[in-house]
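Summary of structural features
This is what each chain is made of:
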Amino acid sequence: MTEQPGTDWIAAELARRDASGLRRRLRSIDSPQDPWVTLDGRRVLMLCSNNYLGLANHPGLVEAVAAAARDAGVGAAASRLISGSMRAHGELEERLAAFKNTEAALLFNSGYHANVGVIAALVGPEDTVLSDELNHASIIDGCRLSRARAQVYRHLDLDQLEAGLRLPARRKLVVTDSVFSMDGDIAPLPGICDLAARYGAMVMVDEAHATGVLGATGAGVVELHGVRDRVTVQMGTLGKALGCFGAFVAGQRQVIDLLLNTARSFVYTTALPPAIVAAAAAALTLVETEPERRGQTLANAARLRAGLQRLGYVVPADETPIVPVMIGDPVETMSQCDQLLAEGIFVQGIRPPTVPAGTARLRATTMATHEPGDIDSALNAIARLRCPGTMSASA
Ligand SMILES: *Cc1c(COP(=O)(O)O)cnc(C)c1O
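Now for a description of the structure that goes with this document. All values derive from a computational prediction rather than experimental measurement.

Right, let's talk about the state of the cysteines for a bit. Inspection of the entire model under this criterion finds 0 disulfides. The thiol sulfur of cysteine 48 is not disulfide-bonded, and the nearest other cysteine sulfur, from cysteine 337, lies at 7.5 Å. Under the relative-accessibility criterion, cysteine 48 is labelled buried at 16%.

What follows is the structure, given as structure tokens:
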């Protein structure tokens, strides 16, 4: 390999990550994202995707992509503010607004784009953003990009949130995951909205893991907790339960109009391909017409949580499809991940900085299309793990 000037630190950085068990590598999948996949050449149970409703390879979505590509082509050609907003985008936004029961919605190219763009559009250097310490990285990046003062409160701690809200600022924004991505617990949205109302703060809720899964119609925790009118902006992704790609925000029309003008990650990027937008519309139809999928993924998660508890693990009680198996040490976590893979069960290990130091874990997630027997196979493999110290670390 040719030595390029100024790059000797890169090998050292990779070696440092290797030595501390933090080096990440891609594993290759040679099949669609089904409940069973071909991973590095072997059939294994997929127990770590965000494909909660099992829609990522649904024939209706595949057909929607094909039909829309024939009809509308592949590329969106520019930002929607430049070369025109294609019909599929506007139609899906109307349906998403109806789904979320808000006045309007706006598509973004991913949840990551949505979070960085929206937070920086709502607050600036004279303002305060209050953020749960376990919020997703895209929220953290949005807070940084906004240059607002960031007050990070302890996970779910409303007292600390209130202390931050008391500080004077031009504008205040409280931002939280509704379902926390690595822990699977649920934010206390009514309490957060009460405090926001008392201190004149906006509220942003990231429903990445709840959209399509929780609430009576699958609209998310905002629906489950009945706080729709008290939330300034909700974010939902199309890439997880909806099985596609992209994201959206929903709220009052004036909020959406502002974001369309000022969210830089909306304005300055090429729009989603129309065929993907059409697939998301087909997925939304399935959320509406096949509500049993939500029940199935949650029932599978309940089966997994109950089984883990019987094995002595402490798991969050909240009813979501995300079930962390706490281990602590990153090297041990990856060793257990490999042991499970050898038994045909794929549960990816999650390490810092995705989770706080000392809380590395296997993050198990269920799909509507898993059979109960699949969950039992995973539990049997977990029971056979050689894992000194795991039980005591599972706090
Ligand atoms: C996955 C995720 C995102 C990012 O969404 P993408 O559409 O995958 O970019 C944002 N917030 C949370 C909480 C997430 O888990």
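We now examine the nonpolar core. Formed by 54 residues in total, the largest nonpolar core has its most connected members in Leu61, Leu92, Leu161, Leu165, Val174, Leu189 and Ile192. Of the residues forming this core, the biggest block, 9 residues, is contributed by helix α12 (residues 274-289). Setting aside anything within four residues of it in sequence, one finds leucine 92 in contact with Leu107, Leu238, Val277, Ala280, Ala281 and Leu284. Core analysis: the second largest hydrophobic core is formed by 28 residues, Ala104, Phe108, Ala247 and Phe266 among them.

With that settled, the discussion passes to the sheet that holds strand β9 (residues 247-251). Read across the sheet, 7 strands follow the order β3-β9-β8-β7-β6-β4-β5 without closing on themselves; strand pairing throughout is mixed. Strands with a single pairing partner mark the edges of an open sheet, and in this sheet they are β3 (104-108) and β5 (149-153). Across this sheet, the average inter-strand angle for adjacent strands is 20°, counted without regard to direction. Here β3 runs beside β9; their pairing, made up of 5 bridges, is antiparallel. Bridging from a neighbouring strand, alanine 105 pairs with alanine 250 of β9.

This part takes up the sheet that holds strand β13 (residues 360-365). A sheet is described by the order of its strands in space; here 3 strands give the open sequence β10-β13-β12, paired in antiparallel fashion. Here the strands that pair on one side only, and so sit at the sheet edges, are β10 (322-328) and β12 (349-350). With 2 bridges connecting them, β12 and β13 associate as antiparallel partners. Across the sheet, residue glycine 349 finds its bridge partner in β13, namely leucine 362. Running at roughly 30° to β10, helix α13 (residues 292-310) makes contact with β10 and β13 of the sheet. Where helix α14 (residues 330-342) meets the sheet, it contacts β10, β12 and β13, and its direction lies at approximately 35° from that of β13.

With that out of the way, let us pick up the site of the ligand. Residues in contact with the ligand amount to 15 residues; listed here are only the nearest, Gly111, Asp206, His209, Thr237 and Lys240. Between the ligand and tyrosine 112, the relevant distance is 3.0 Å, taken from an oxygen atom to a main-chain nitrogen or oxygen of the residue. Histidine 209 places a polar side-chain atom, nitrogen or oxygen, 2.4 Å from an oxygen atom of the ligand. Coverage of the ligand by the protein chains reaches 84% of its 380 Å² of free accessible surface. Residue assignment for the shell around the ligand shows that the elements contributing at least two residues are α5 (111-122) and β8 (233-237). By residue number, the principal contributor to the shell around the ligand is α5, which donates 3 residues. A per-class count over the shell around the ligand returns 3 nonpolar, 9 polar and 3 charged.

Here is what the cut-offs are and how they apply
- Residue positions are given per chain, counted from 1 along the sequence in the order it is written.
- Where totals are concerned, whole chains, interfaces and linings use all residues; where local detail is concerned, this predicted model gives features only for residues with pLDDT of at least 70, and gives and counts side-chain atom pairs only at 80 or more.
- Each side-chain value is derived from all of the structure's non-hydrogen atoms; neither hydrogens nor water enter the calculation.
- For the purposes of this analysis, a disulfide is any pair of cysteine sulfur atoms at a distance within 2.5 Å.
- For every residue, the accessible area obtained with a 1.4 Å probe (protein chains only) is divided by the maximum for its type, and the residue is called buried under 20%, exposed over 50%, and partly exposed between those limits.
- Here the nonpolar core consists of buried residues drawn from Ala, Val, Leu, Ile, Met, Phe, Trp, Tyr and Cys, with membership extended through side-chain atoms lying within 4.5 Å.
- Helix and strand assignments follow DSSP, with helices taken as H or I runs no shorter than four residues and strands as E runs no shorter than two, numbered in order from the N terminus.
- When checking whether two residues touch, look at their non-hydrogen atoms; a contact exists if any pair is within 4.5 Å.
- In this description, strands pair whenever DSSP reports at least two bridges between them.
- Axes here refer to lines fitted to C-alpha atoms; in helices the fit is confined to the stretch in contact. Angles between the N-to-C directions go from 0 to 180 degrees.
- Near residues are defined by distance, with any heavy atom within 4 Å of the molecule or strand qualifying the residue.
- Polar contact is defined as a pair of N or O atoms within 3.5 Å, subject to the rule that within protein one atom must be able to donate a hydrogen and the other to accept it, and that residues adjacent in sequence are counted only when both atoms are side-chain atoms.
- Per-residue and other accessible areas were derived by the Shrake-Rupley procedure at a 1.4 Å probe size, with only the shown protein chains allowed to occlude residues.
- Classification convention: Asp, Glu, Lys, Arg as charged; Ala, Val, Leu, Ile, Met, Phe, Trp, Tyr, Cys, Pro as nonpolar; all other residues, Gly among them, as polar.

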